Structures are given as structure tokens and as C-alpha cells.
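In case you want the letters, here they are:
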Amino acid sequence: MVSAVFHGPFEAPTLTAPSSSSPQPHNALKSIADKDHSTLGSMEKILKNDELKATTAPGNHWSGKSRDFWTAVLPPVMGLVLLIGIWAIVSISTSSSIPSPLETWKQALVIFADPFYRKGPNDQGVGWNVLMSLERVALGFGLAAVVGIPAGFAIGRFEFLSRMFNPLISLLRPVSPLAWLPIGLLVFKGANPAAIWTIFICSIWPMIINTAVGVQRVPQDYMNVARVLNLSEWKILTKILFPSVLPYMLTGVRLAVGTAWLVIVAAEMLTGGVGIGFWVWDEWNNLNVKNIIIAIFVIGIVGLILEYALIKIATAFTFEEVKS
């Protein structure tokens, strides 16, 4: 008679001991897991070593630097070559009425061999003309900063002043700066102060507008904290408004300097005297086109230097989130 043995659900059945030749399932799974883990770990180590070698290899380091160098240098060089090529084609097509790049370069070497000569009140080197123009720009721009930046703080801080002056700014800002030159000649009775007045009136609007916008964009939470702490208006200005408005203010300064350098050339053409604008007009009267082209490059280079210097100053005093 065959007897059957039944085991309860919580009762482990009695199993025969496996032979030593066949591995247990648990040990087999463990060995597979260990093998896979060691394989993954070794793969991670290999990848890390490869990355380390790639970053520390001298060849890759220098190739990365070389690639960055050419990425930074090659586009401007190609743009300059394109400009010179178009200039040469225009010179050939106009039968050399516009000087070629080579002829202009030779003339530039002569001019910059002695840029600070003086042979009379209206015959001075290009260096003196540039310095005189920069002096006018500095005076007009400085006066605009002294008036425009405090005015921008006041207009942005007080709503009554904002409503009062916004229509006037909107009315006067679109007027061409040269339209103010006859007013300067009438009031100041001289060409030099009239040119400085023109620089002043064209530089003041970017400073007022950007400073006022910066004040109006200060978070209201800051002002609420100042009200709770009962801070004085001077403390609010120096501790809250000025640090927050500084990036906007420097942007207005940068725009104002660029506008001033553009306007001074046109103003000096009309008023005369020593200056880069007058030098351009005088060379045109002498039909010396080479010197006019050289003056154009000088004006552009000086404007580029001013722009670069102000960008560096603005970056040094600007928060990281504004820089990006």
C-alpha cells in the first residue's frame, strides 16, 4: 500500500541533500550577481580612467586650447579680410577715386609717424585732434552724469516726479542732438561750449531713463523691510537703491558714452576748431580721401576702446545673474 505524506503550509519539506557537483540555486545567483557587480564596477573604473586620461592627456589639453583660440580669433580675422576685400573691389571699380587699402596703409604710416605735431592752430596731428574730442566728450558726459543720475534716482523713487517728467523726456529725447547745437551757439557764444552742450544734452537721456527704470524695478520687499526698520531716505538710497540700480546705471553710462562719441564728430564738423570731426571736414576740403578713411578707422577704434573699458567696469560692479 502506497502511503502519501502531506506537509502543512508552514512546514518545510524534507529535501535530499544535493550533490557537491551541482551548485545551489542561492549560491549560483550570488555568484552571478557578484560577477555582474564586478563587471559593472570594472567598467565604471575603465570609463573613469579613460575620462581622466582624456582630460589630463597633454595632446588633448593643447588641442582644446588651440580650438578655443581659433574659435575666438578666426571669425574676426575673416570679417576683417572680407572688409578689406570689398574695399579693394570698390577701389578698383571707382578707378581709384577711393584709395586702395595698400595706399591708405602707407598714408597711415606717415600720419602716425608723428601724430602730435603742431604747425598752427588749424594744422595739428591726429593725436591732438583725438585728445581734444575726448576732452569735450569728458566734459559734456561728466556734466550729464552729475545731473542725469540723481535725476533718474528721483524720478524712479517718487511717483509724482515720474508723472511730471515722463512727458517732457518723451518729448525731448527723440530730438536729434545736432538740433540743439544752434541753441548752444546762441546761448554760449562759442563753438567749444556749444559742442560740450550738445554732448551734455544727448548723454543725459540714457542716464535718466536707465537709472529711473532700475529704481522702479527694485523689489517691493526691500522697500517694505526699509519701512519696517524705519530707515532714513539716505539709508534707503545708499544701502538698498544704489546697489540694486548700479547695473542699470552703468548700462545708461555705456549708452551715453557711445552716443556722445558719435555726436562729437558731427558737432565738430559744424563748429570747427581742433577735433577729430573738424579734421575729417578739413581733409574733405583738401580732397584728401586717404586721411578721411584713416580718420574713420581712428574714430571706430577709439569708440571700441571706450565701449570695452565701460563693459569691463560694468562687469566688475554687476551681480552674477545680471552678467549672464
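Further up the page is the structure itself.
This one's a predicted model, so the numbers in the text were calculated from it and none came from an experiment. (Residues numbered from 1 in each chain as written. Predicted model: local features only at pLDDT ≥ 70, side-chain atom pairs only at ≥ 80, totals over all residues. Heavy atoms only, no water.)

1. Let's talk about the overall build of the protein chain
So, step 1. Along the protein chain, the regular secondary structure elements total 12 helices and 0 strands.
So, step 2. Secondary structure elements of the protein chain, listed N to C terminal, follow the sequence α-α-α-α-α-α-α-α-α-α-α-α.
So, step 3. Long-range pairs, those at least 24 residues apart, make up 67% of the contacts in the protein chain with a sequence separation of at least 6.
So, step 4. About 21700 Å² of surface is accessible on the protein chain, with carbon and sulfur atoms providing 69% of the total. (Helix = DSSP H or I, 4+ residues; strand = E, 2+ residues; numbered from the N terminus. Contact = heavy atoms within 4.5 Å. Areas by Shrake-Rupley, 256 points an atom, 1.4 Å probe, with all protein chains shown as cover.)

2. Quick word on the packing of aromatic side chains
So, step 1. All chains considered together, the criterion is met by 5 aromatic pairs.
So, step 2. Ring centres 6.3 Å apart and planes at 50° place the aromatic pair F188 and W197 in the tilted group.
So, step 3. Directly above the ring of Y117 sits K119, whose terminal nitrogen or CZ lies 5.4 Å from the centroid.
So, step 4. Taking the ring centre of F158 as reference, the NZ or CZ of R157 above it sits at 5.7 Å. (Phe/Tyr/Trp six-rings, centres within 6.5 Å; stacked < 30°, edge-to-face > 60°. Lys NZ or Arg CZ within 6 Å of the ring centre and 35° of its normal.)

3. A few points about the packing of helix α4 (residues 126-157) against helix α10 (residues 276-285)
Geometrically, a packed helix pair is captured by the angle between its two axes and the distance between the axes.
So, step 1. It is the contact of α4 with α10, at a shortest axis distance of 7 Å, that shows an interaxial angle of 135°. One way to sum up the angle between α4 and α10 is to call them oblique. Along its contact with α4, which presents V126, N129, V130 and S133, the element α10 presents I276, G277 and W279.
So, step 2. Split into classes, the residues belonging to the contact of α4 with α10 amount to 4 nonpolar, 3 polar and no charged. (Axes fitted to C-alpha atoms, helices over the stretch in contact; angles between N-to-C directions. Parallel < 35°, antiparallel > 145°, perpendicular 65-115°, else oblique. Nonpolar A, V, L, I, M, F, W, Y, C, P; charged D, E, K, R; others polar.)

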